[in-house]
Amino acid sequence: EVRLVESGGGLAQPGRSLRLACKASGINLGDYSLSWVRQAPGKGLEWVGFLRSNAYGGTTEYAASVKGRFTISRDDSNGIAYLQMNSLKIADTAVYFCSRNLASYGAWFDVWGQGTLVTVSS
Amino acid sequence: QSVLTQPPSESGTPGQRVTIPCSGSTSNVGGFYVYWFQQVPGKAPKLLIQTNNQRPSGVPHRFSASKSGTSASLAISGLQSEDEADYYCAAWDDSLRGVVFGGGTRLTVL
């Protein structure tokens, strides 16, 4: 069974940094693209970015709202993907989900983690 | 304002058929696969429809979807109380170089 478990959420002040982790089990993480999707309180889903599989060069794409501030990386040996969030803004407050993406250019999110809450507040 | 447009709410009675539309453009829905997700409030989203109209294993046959041009739609037949949830469409957008979601449609089973 493929399972994704996020961790690292919590309270951060505006301008500070936070790193989220997504631990995968049941798959070799490097064989798949992985996305981060967030959901602000009471709002809809917003794609944050993704890291393509090693077969697709491990390239990344980011939403305009986080580009230059957020970075997705992966530790294949430990099966963990990371979302490094810098220069946090209040608008980044959301539940963050990691998801396996079966498409390198698409929204084929077939497995999701349970999510981790990030609150940005002074 | 979401790139893909969905009505904020829809409703139906048990046994009824409801459809949820999703409107986009040539850079997303018109040129790439559409996916649909179901989300019960407080839970993670679940993949409901992949590659425009294919149901993943385990998704009931009463869920179906279609796409024509820059529009797509999700249909739920034989509505059940457990179908009460939020539904999102999503697609790759080649102009934005990223995935775009619809704003979501809250389905209420009356």
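For the structure itself, look to the data block above.
Every value quoted in this text rests on a predicted model; they were computed, and no experiment measured them.

1. Focus on the packing of aromatic side chains
Here's step 1: Enumeration over the complete set of coordinates arrives at 10 aromatic pairs over all chains.
Here's step 2: Between F50 of chain A and W92 of chain B, the aromatic rings sit 5.8 Å apart at their centres with planes inclined by 45 degrees, giving tilted as the arrangement. You can see F50 of chain A sitting in strand 5 (residues 45-51) and its partner W92 of chain B sitting in strand 7 (residues 85-93), one on each of two chains. Of the two residues, F50 of chain A and W92 of chain B, both sit in the buried class.
Here's step 3: Ring-pair connections join several aromatic residues into one group, and the members of that group are F97, F109 and W112 of chain A together with F37 and F101 of chain B.
Here's step 4: Taking the ring centre of Y105 of chain A as reference, the NZ or CZ of R52 of chain A above it sits at 4.0 Å.
Here's step 5: Sitting over the ring of Y32 of chain A, R100 of chain A keeps its end group 4.5 Å from the ring centre.

2. Looking at the pairing of strand 4 (residues 33-39) of chain A
All names here are of chain A.
Here's step 1: Along strand 4, seven of the seven residues are buried, which leaves the element largely enclosed by surrounding structure.
Here's step 2: Of the two faces of strand 4, the one lined by S33, S35, V37 and Q39 and the one lined by L34, W36 and R38 are each fully buried.
Here's step 3: Note that strand 4 and strand 5 share six bridges and pair antiparallel. When the sheet's bridge partners are listed, W36 is paired in strand 5 with G49.

3. Points about the state of the cysteines
What is meant by a disulfide is a covalent connection between two cysteines, made through their sulfur atoms.
Here's step 1: As enumerated under the stated definition, the model contains two disulfides over all chains in all.
Here's step 2: Disulfide pairing places C22 of chain A opposite C98 of chain A at an S-S distance of 2.1 Å. Linking C22 of chain A and C98 of chain A, the disulfide has an S-S dihedral of approximately 70 degrees and is accordingly described as right-handed. With C22 of chain A in strand 3 (residues 18-25) and C98 of chain A in strand 9 (residues 94-101), the pair connects residues that are 76 residues apart, well separated along the chain.
Here's step 3: With a relative accessible area of 0%, C98 of chain A lands in the buried category.
Here's step 4: Shown here is the disulfide that connects C22 of chain B with C89 of chain B, its sulfur atoms set 2.1 Å apart. The sign of the 80 degrees torsion about the S-S bond sets the C22 of chain B-C89 of chain B disulfide as right-handed. Here C22 of chain B, found in strand 2 (residues 18-23), pairs with C89 of chain B, found in strand 7; they are 67 residues apart in sequence, far enough to count as distant.

The rules we used
Residues numbered from 1 in each chain as written. Chains lettered and ligands numbered in written order. Predicted model: local features only at pLDDT ≥ 70, side-chain atom pairs only at ≥ 80, totals over all residues. Heavy atoms only, no water. Phe/Tyr/Trp six-rings, centres within 6.5 Å; stacked < 30°, edge-to-face > 60°. Helix = DSSP H or I, 4+ residues; strand = E, 2+ residues; numbered from the N terminus. Buried < 20%, exposed > 50% of the residue type's maximum accessible area, 1.4 Å probe, protein only. Lys NZ or Arg CZ within 6 Å of the ring centre and 35° of its normal. Pairing = 2+ DSSP bridges. Disulfide = S-S within 2.5 Å.

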